[in-house]
Structures are given as C-alpha cells and as structure tokens.
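# Secondary and tertiary structure notes
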Amino acid sequence: MHAFIDPLRVVVAGGGVAAAEAVLALRAHAGERVEIELVAPQPRFALRPGSTVALFGDVAAQSFDLAALAAHVGATLWEDHLEAVAPAAHRIRLASGVRRGYDVLVLALGARARAALPGALTFRDQRDAAQLRRAVEELRRGQLRRLAVSVPPGVAWTLPAYELALLAAAEVQRLGLATAVTLVTPEGSALDVFGDPVSAHVSALLAHKSVDLLLETAPRRVDRGGLRLDGGSSLPADRVIAVPALVGQPIAGLPAGSCGFVQTRADGLVDGVADVYAAGDMTSFPVKQGGLAAQQADAVAVAIARRAGADPPLAPSTIQLRTQLFGAPTPLFLEATLDARGHPLEGRSQHSSSAPWWPSGTLFGRHVTPWMAEQAIAAGGAPSVG
Ligand SMILES: Cc1cc2nc3c(=O)[nH]c(=O)nc-3n(C[C@H](O)[C@H](O)[C@H](O)COP(=O)(O)OP(=O)(O)OC[C@H]3O[C@@H](n4cnc5c(N)ncnc54)[C@H](O)[C@@H]3O)c2cc1C
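First, a word on scope: everything that follows refers to the structure included in this document. (Residues numbered from 1 in each chain as written. Predicted model: local features only at pLDDT ≥ 70, side-chain atom pairs only at ≥ 80, totals over all residues. Heavy atoms only, no water.)

## Considerations on the packing of aromatic side chains
If you walk through the whole model with that rule in mind, you get four aromatic pairs. With centroids separated by 6.1 Å and ring planes inclined at 50°, the aromatic side chains of Trp157 and Phe194 adopt a geometry described as tilted. In this pair, Trp157 sits in the loop between strand 12 (146–150) and helix 5 (159–175) while Phe194 sits in the loop between strand 13 (180–184) and helix 6 (196–208), placing the two residues 37 residues apart along the sequence. A connected cluster of aromatic rings, assembled from ring pairs, spans Phe45, Phe64 and Trp371. (Phe/Tyr/Trp six-rings, centres within 6.5 Å; stacked < 30°, edge-to-face > 60°. Helix = DSSP H or I, 4+ residues; strand = E, 2+ residues; numbered from the N terminus.)

## Some thoughts on the site of the ligand
Neighbouring residues of the ligand: 32 residues in total, closest Gln42, Leu82, Asp281, Thr323 and Thr362. Here an oxygen atom of the ligand and a backbone polar atom of Ala18 are 2.9 Å apart. Within the contact set of the ligand, a nitrogen atom lies 2.8 Å away from a backbone nitrogen or oxygen of Thr362. Burial of the ligand by the protein amounts to 91% of the accessible area it has alone, namely 1000 Å². Mapped by element, the contributors of at least two residues to the shell around the ligand are helix 1 (17–30), helix 5 and helix 7 (290–307). Looking at the shell around the ligand element by element, the count peaks at three residues for helix 7. Two domains share the shell around the ligand, each providing at least three of its residues, namely domain 1 (8–111 + 248–315) and domain 2 (118–244). (Near = heavy atom within 4 Å. Polar contact = N/O pair within 3.5 Å; in protein donor to acceptor, adjacent residues only side chain to side chain. Areas by Shrake-Rupley, 256 points an atom, 1.4 Å probe, with all protein chains shown as cover. Domains from an automatic or database assignment.)

## Some points on the side chain of Arg322
Of note, Arg322 is situated in strand 21 (residues 319–324). In this structure the side chain of Arg322 is engaged in a polar contact, spanning 3.0 Å, whose partner is the side chain of Glu335. If near-sequence neighbours (up to four positions away) are discounted, Arg322 is found in contact with Gln289, Leu334, Glu335, Trp357, Thr362, Leu363 and Phe364. (Contact = heavy atoms within 4.5 Å.)

Written as structure tokens, this is what we have:
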C-alpha cells in the first residue's frame, strides 16, 4: 500500500521565459507530486528576440497566453505582482494585498533594463519601438550620414546591438544610401560570449555589410560632437542607438547582491534562504539570455522534483547558448557551450545556416519552446520561436 504524500505547493512568480519553463518543467519532472501556482502581472508574455526585426519590417514579435500555459500544466494563475517574501514563515505578499503560503518559491522576475548611455536612443525592447521606428524612417529618408550603434559597459547580452547594426546596414544597401554604420562595443571580439569561430564569422559578416566595428571601446555619452568614447576621443554621429544595461529587481525580505541581482547556487537555490529558488535575468549569472534563463529554470524544476520524490536526471553543469542572429543575409544560427562562470568552452562554439535544435529560432528551452511552437502551429503560424 502506498502512503499518501501531500504534493509540494510550489509558487512560481514571474511571467516570462524562465517562469514558463519552470511551470512546464515542474509538471514534466514532478508530475502530480507538485501543486503549481503562477503569479504574473500580465496575461500574456511577449518574446523580446524578434523585437529588433519588427522595427524594420511589418512583423510582430511573438507573444503567448499565460492562462493557456497555466491550463496546460494544471496550474492556478494569479494575475498579480509579488511584493514581499517572508522566508521564515514561507509566505508571500502580493500587490493586491493577498498573502499566500508556499512550500517552495521560484522567482523568475527578470531584470529592469535602464538607459546606460546618456544622450543616446536606448532600445530596451518593443516598449521603445515607436521612437526607434522614427530613427529607422530618418535613415530611410537619407537624413543620417553617420549612425552609431553602441554597447555601453556592463551589458550582459550584446546580440541586439549586432542585429540593429546589421538590419540598418541592410537597409542602407537596399536603398543605396550613403550612411556609414558603426558598431561600438567594449567587447574584445565580435559577440565574444560565443567564443572564437562565431566571433570571426560575425566580424566577417559585419565587414561584408560595411559595418565598421570598434572593439574594446567604451562609449560614455552622446553630445553635439557625437559619441564620446572612453579616453576622450569621439566618433561623429548624427544618431546613436544604444542597448540597455540590466539591473535586478530587489524584493522585500530577500537578499540582493551587486546591482540588485540575486545570488544563487548551481541548483538555483537563493544563497542563504531556505526553499526559495531563482532563475533567469534576475540572477547574478553574468550572461542574460532567454535560452539560458530557461535552462536555469529547468535545473530548478529538476531540484524541486527530486525534493518531491521524483527522480529526473540531474541538469548538466554547462550551459548551451543558442540563438539566431537576425540581420544576416541568410539564416544564421549561433551556438556555444558556457562554463559555470559564463565563459565559452574552447572548441564548443559553432555557427550554421540551419538550426541544430528544434523548434528553430532565437531561443531554446527544453519544455517552453516546444510548447510555444505548438501554440504557434495552433494559431496557424510556423513552428519557429522568436
Ligand atoms: C532586444 C532583445 C533581444 C534579445 N534576443 C534574445 C535572443 O535572441 N535569444 C535569447 O535567448 N534571448 C534574447 N534576449 C534576452 C531575453 O529576452 C531575456 O534574457 C529573457 O527574456 C529573460 O527571461 P526571464 O524570464 O528571466 O525574464 P523576463 O522575460 O524579463 O520575464 C520576467 C517576468 O517577470 C514579471 N515580473 C517582474 N516583476 C514581477 C513581480 N514583482 N511579481 C511577479 N512577476 C513579476 C515580468 O512582468 C515578466 O513577465 C533578448 C533581449 C532583448 C531585450
């Protein structure tokens, strides 16, 4: 006879990639051993990866319904905001004033994007689309002689800057404009988080598209003289677009580390706090990326499932970084394996013209991207993500 064991009550807070992967992976790994509640402030979540392409064409970034996700995994969805955690009492307080208990809490709250280059036009994501579209129109009308795309110091995911530079350069070529496009970045090599072969390939691609690449160069501010660089020199520019820096979102009752990010152990448990896990952009891991957020969430789900008595295999200690780079003339998929500190492992970096993973697209999560692909197919679209 089996002894009846109460399911673990797991509350997942957040409504992005990490939260979606967490609830799907929890159900997949732990089955009915967990009861899942999802606390998310909005009913849908929009993917950011496609937001760069959407500026230049008549396409919308994909978005997904959290109620459908909750129904799919049998979770309860609360449209609310987590405000505070009382770890000793295992209780949370929501913005609505409601207080709820938990056995295990999973935080997937993302990060706040903030402008880090004074005077530049900062592109966070679709929220800044209207301003950026005006800059694209200036470009198309031939009003920009020199366009600079900049990565301020401390940016944890530089890929959108490469996409913006390549997409702008493609527009310059298509319309036969004379605009010079420059990409300014403190990185030591192009998209250096992916390691050597990818960096060399992306450098060659930028050169082929006539994008000047200024490496190891930190932009400081934009003024009438153009883009001021570290060391005092400046780059003439009529328009400077920058990607944002990220800061964490401190939650009352929980410790926050440098820049507000939460420090976690390898299995995602928040340092010094029992039964609270964190995944995704809100953690102190130095690279912030959707696929990576999903892998962290999956590892958290594995750890919780094992606590609940299930026996899924342990998550790998390395991280797969996978994406599609928009703006290349033909599809370009990039992949690297990162170590536990976020550094690319030698010999584990590659680029290809077809995705080595399924569903193909800009981000990959073991459970969340197949679910997104199913949603896209059900809505009559293609099974790609991003
Ligand atoms: C322009 C751009 C392009 C990108 N391209 C790629 C790419 O090609 N591939 C890739 O993998 N990644 C890409 N990224 C990065 C990727 O979007 C992020 O790394 C990813 O979204 C992080 O997921 P997350 O779940 O940790 O955070 P988010 O996706 O930011 O989700 C956080 C969620 O938590 C919710 N939340 C916040 N506070 C609270 C609270 N107090 N209570 C409850 N909920 C709360 C938010 O509303 C949100 O729903 C790109 C990002 C940008 C900006």
